[in-house]
Amino acid sequence: MTEITHHSQVWTYRTPKARLLLWGGWLALVALFVWCWQIMTRDTIWFFVADAPRQAADIGSRMLPPRWSYMSELWLPLWDTINIATLGTIGGVIMAVPVAFMAARNTTPSARILRPIALFIIVASRSINSLIWALLLVAIIGPGLLAGIVAIALRSIGFVGKLLYEAIEETDARQIEAIEATGASGPQVLSYGIVPQIMPAFWGISVFRWDINIRESTILGLVGAGGIGLKLQASLNTLAWSQVSVILLLILATVVLSEWVSARMRHAII
């Protein structure tokens, strides 16, 4: 009789080569972290770092109690901030809609020319922070609310355009084909086949962007673009910490309120 032997193998989660590569990857990651840390802390004065808790406690003690009488001077700048966010959002959405339709594969008139241009506009808008837009616009058109509104609008194009063109590309092609089968023209297909499908996403994106712009517009005054940031900058320059605490609390309350309004509106729309 022939004897049959079975050779069993011990199963392992990773092969020795895979474990070696894993440990090598972790070692490279640690080395990269140490190298980056050395570059980042090359000019750090560690005495100031060690003294930071005492300085923070000192500033915190000066911020209390808040100077509530200063609140009366903040209502108009706060209204300006809300207007900057609202008008900037409206302007950004108006400019983002045609960009989104040009960027979407299923609606672009030219995939070789217009679509790359639209994608470049979206990337450029998202790459530059609203504070940098405000700095550039203050230098171009001067300080004031207009610079802040345009900065918020330019920043919003990329956000709204990207999410909207993705929503356009995800539309149900069967509904569009059914409308095309009736002999509808291009604008009719757009109006009855695509727009109704993306309207909930459009309103949700717009409200969400408005909520973000409320937060971003509060600091545009630091570079002269109007709003409550101007009061914050003036209070910081004069070391009026009790006024700074009032401004920060008002900004916090405004952001919380805008978040609540945004959530309620998105829930009602979607």
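Computed from a predicted structure; not experimentally measured. Chains are numbered independently. Their residues run from 1 in the order of the written sequence. The predicted origin of the model limits local features to residues at a pLDDT of at least 70 and limits the giving and counting of side-chain atom pairs to 80 or more, whereas totals for whole chains, interfaces and linings rest on all residues. Values shown for side chains rest on all heavy atoms present in the structure; no hydrogens or waters enter the calculation.

J.: Can you break down the overall build of the protein residue by residue, with the values?
T.: When its secondary structure is counted, the protein shows 10 helices and 0 strands. In the protein, the order of α-helices and β-strands from amino to carboxyl end is α-α-α-α-α-α-α-α-α-α. Radius of gyration: C-alpha atoms only; globule rule: 2.2 Å multiplied by the number of residues to the exponent 0.38. Taken against the 2.2 N^0.38 rule, which gives 18 Å for 270 residues, the C-alpha radius of gyration of the protein at 27 Å runs more than 25% over that of a compact globule. If one aligns the C-alpha atoms of the protein with their principal axes, the spans along those axes are about 100 × 70 × 35 Å. Classification of the 270 residues of the protein by burial places 37% in the buried group. Under the DSSP-based scheme used, a helix requires at least four consecutive residues in state H or I and a strand at least two consecutive residues in state E, with every element numbered from the N terminus. Only protein chains enter the accessibility calculation, which uses a 1.4 Å probe; a residue is then buried when its area is under 20% of its type maximum, exposed when over 50%, and partly exposed in between.

J.: Outline the side chain of Thr171, listing residues and values.
T.: On the secondary structure map, Thr171 appears in the loop between helix 6 (145-169) and helix 7 (173-181). Using a relative accessible area of 12% as the deciding quantity, one classes Thr171 as buried. Within polar-contact distance, the side chain of Thr171 engages the side chain of Asn106 at 3.4 Å. In protein, a polar contact means a hydrogen-donor-capable atom and an acceptor-capable atom, both N or O and within 3.5 Å, with residues adjacent in sequence counting only if both atoms are side-chain atoms; elsewhere, any N or O pair within 3.5 Å suffices.

J.: Tell me about a nonpolar patch on the surface, and please be specific about residues and values.
T.: Taken together, the side chains of Leu22, Trp23, Trp26, Leu29, Leu32, Trp35 and Ile39 present a nonpolar region at the surface, about 790 Å² in accessible area. Take Leu29: it is sitting in helix 1 (residues 16-40). Like charges within 9 Å and nonpolar side chains (Val, Leu, Ile, Met, Phe, Trp, Tyr) within 5 Å are joined into patches, using only residues over 30% in relative accessible area that form no salt bridge. Note on areas: Shrake-Rupley with a 1.4 Å probe; residue coverage comes only from the protein chains shown. Counted as salt bridges are all cases of a side-chain nitrogen of Lys or Arg within 4 Å of a carboxyl oxygen of Asp or Glu.

J.: Tell me about the environment of Val30, and name the residues and values.
T.: Considering the arrangement of structural elements, one finds Val30 in helix 1. Expressed as a C-alpha distance, the spacing of Val30 and Pro98, which sit 68 residues apart in the sequence, is 46 Å.

J.: Any details on the side chain of Asp211? Residues and values, ideally.
T.: As for its position among the elements, Asp211 is in helix 8 (residues 186-217). Residue classification places Asp211 among the buried positions, given a relative accessible area of 0%. Polar contacts involving the side chain of Asp211 include one to the side chain of Arg215, which spans 3.2 Å. Here a residue-residue contact requires only that any non-hydrogen atoms of the pair lie within 4.5 Å. When residues no more than four places from it in sequence are discounted, the contact partners of Asp211 are Val255, Ser258, Glu259 and Ser262.

J.: An account of unusual backbone geometry is needed here, citing residue identities and associated values.
T.: For the peptide bond that leads from Leu64 to Pro65, omega is -5°, which places it in the cis range. When you line up the elements, Pro65 lands in the loop between helix 2 (46-63) and helix 3 (75-103). One non-glycine residue, Leu239, adopts positive backbone phi at about 55°. With respect to the helices and strands, the residue Leu239 is situated in the loop between helix 9 (228-237) and helix 10 (241-269).

J.: Before we move on, can you summarise helix 6 with the specific residues and values?
T.: The first and last C-alpha atoms of helix 6 sit 36 Å apart over 25 residues, in line with the 36 Å expected at 1.5 Å per residue. By definition, a residue's bend is the angle between the axes fitted to the seven residues ending there and the seven starting there. Maximal helix bending in helix 6 amounts to about 30°, located at Ser156. Here, expected helix span is obtained from the residue count minus one, scaled by 1.5 Å.

J.: Give a detailed account of the layout of surface pockets, specifying residues and quantitative values.
T.: A cavity here means a set of points on a 1 Å grid, drawn over the protein atoms and nothing else, where a 1.4 Å probe fits but cannot get out; a pocket is an open set with protein on both sides within 12 Å along at least five of seven lines, and a residue lines either one if it has an atom within 4 Å of a point. Grid points are joined across faces, edges and corners, and a volume is the space filled by probe spheres set on the points. The space that makes up the largest pocket amounts to roughly 200 Å³. The wall of the largest pocket is formed by Thr86, Thr89, Ile90, Val93, Phe202, Trp203, Ser206, Val207, Trp210, Met265 and Ile269. At the level of secondary structure, the elements contributing two or more residues to the lining of the largest pocket comprise helix 3, helix 8 and helix 10. When residues in the lining of the largest pocket are grouped by element, the largest group, 5 residues, is from helix 8. Here the residues of the lining of the largest pocket are counted per class, giving 8 nonpolar, 3 polar and no charged. Classification used: nonpolar for Ala, Val, Leu, Ile, Met, Phe, Trp, Tyr, Cys and Pro, charged for Asp, Glu, Lys and Arg, polar for all others including Gly.

Note that all results are geometric; they support no functional claim without further evidence.
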